[in-house]
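Report on the structure
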Amino acid sequence: MKMIKINGINLNVDIKGNGHPLILIHGLGGDISQWDYEIDRLSQKFQTIALDCRGHGQSDKPEFYTIQDHILDILGLMDFYKIEKASLYGISMGSYIGQGVAISASERIDKLILVSSTSNGLTSSVQRIISDNPKDFKGLKNQNEMVLALLKYMAYNPEKLKKSIHLLDTKMKPEHFLRAIKALAGFDFRKDLPTIKAKTLVISGKYDSLNPPSEGRLCASLIPNATFIEMQYSGHIPVLEEPETYNKIIDDFLIN
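Just so it is clear, the model here is predicted, and its values are computed rather than measured.

Focus on a nonpolar patch on the surface
Among the surface-exposed residues, Y156, Y207 and Y233 lie close enough to one another that they form a single nonpolar patch of about 320 Å² accessible area. With respect to the helices, strands and loops of the structure, Y207 is situated in the loop between β9 (199-205) and α10 (213-222).

Structure (structure tokens):
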């Protein structure tokens, strides 16, 4: 891993493998470790470039930032490594950032994967679920308890996800997590999604209440060259609930 200076802040970046660049963008509260289940496989055929988004992981944590800053960070990362064209693979928050990058620099993104995505939101999906269901989250003592309470909104089989709870629990301090949530307030890419030129794959889990399949289907309908797939036995994190099926879908899209 390496710290690089992008747009005035330090970003933690991990590069593996050779081949066509594939930029991996994690979800809210996550970091590079979110890719532990996939990066070894993907880096066998691509040069994977994973980062801790600003405010997350080992990257700098500014007091204020927006989703536009996340977008500019990805473009700055591409400039830093002199990458003319790359594929993007974003999960949840990472998929929002990916949409913004593919809109801002459509000629530089050839393939785009959006997992557990939505095209717009007044706040983060996590914050919306908590606000809409206050009884489920009242009196929770820490973020680990919050993650456990969220599982019924995130999974087809919550008990199965509990076995991977270490990948779901954020390592962020509460104040940093709140800043990360605020950065997603009010984003809306719907009117610009038709300008995306990249071949696009949108994946949703049937049992995802954070970003329901209807949101993923809307994304795909607005992007000219997009395919939508609904995972039948998954929620927000299909790589953990249907790993074999999910990995094959990802690999087939990237390779063909």
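Points about the layout of surface pockets
Quantified by volume, the largest pocket comes out at close to 180 Å³. Considering the residues around the largest pocket, the lining is formed by 14 residues, among which N120, G121, L122, T123 and R128 are closest to the centre. Among the elements of the structure, β7 (120-121) and α4 (125-132) are those that each provide at least two residues to the lining of the largest pocket. Of the residues assigned to the lining of the largest pocket, the class counts are five nonpolar, seven polar and two charged.

Section: the pairing of strand β1 (residues 2-6)
As judged from the five bridges shared by β1 and strand β2 (residues 9-16), these two strands associate in the antiparallel manner. Pairing of I6 across the sheet is with I9, part of β2. Count of turn residues in the β1/β2 antiparallel hairpin: two residues, of which N7 carries a positive phi of about 50°.

Quick look at the packing of aromatic side chains
Going through the model one piece at a time under the given rule, you end up with seven aromatic pairs. Ring centres of Y156 and Y207 lie 4.9 Å apart, and the angle between their planes is 50°; this geometry places the pair in the tilted category. Of the two residues, Y156 is situated in the loop between α6 (143-154) and α7 (158-162) and Y207 in the loop between β9 and α10; the sequence distance between them amounts to 51 residues. Overall, Y156 belongs to the partly exposed group, its relative accessible area being 41%. Between Y156 and Y233 the ring centres are 5.5 Å apart and the planes differ by 70°, which places this aromatic pair in the edge-to-face class. You can see Y156 sitting in the loop between α6 and α7 and its partner Y233 sitting in the loop between β10 (226-231) and α11 (238-241), a full 77 residues away along the chain. Taken together through their ring pairs, the aromatic side chains of Y96, F187 and F189 make up a single cluster.

Rules of the game
Residues numbered from 1 in each chain as written. Predicted model: local features only at pLDDT ≥ 70, side-chain atom pairs only at ≥ 80, totals over all residues. Heavy atoms only, no water. Patch = residues over 30% accessible without salt bridge, like charges linked within 9 Å, V, L, I, M, F, W, Y side chains within 5 Å. Areas by Shrake-Rupley, 256 points an atom, 1.4 Å probe, with all protein chains shown as cover. Salt bridge = Lys/Arg side-chain N within 4 Å of Asp/Glu carboxyl O. Helix = DSSP H or I, 4+ residues; strand = E, 2+ residues; numbered from the N terminus. 1 Å grid on protein atoms, 1.4 Å probe; cavity = no way out; pocket = protein on both sides within 12 Å on 5 of 7 lines; lining within 4 Å. Points joined across faces, edges and corners; volume = space filled by probe spheres on them. Nonpolar A, V, L, I, M, F, W, Y, C, P; charged D, E, K, R; others polar. Pairing = 2+ DSSP bridges. Phe/Tyr/Trp six-rings, centres within 6.5 Å; stacked < 30°, edge-to-face > 60°. Buried < 20%, exposed > 50% of the residue type's maximum accessible area, 1.4 Å probe, protein only.

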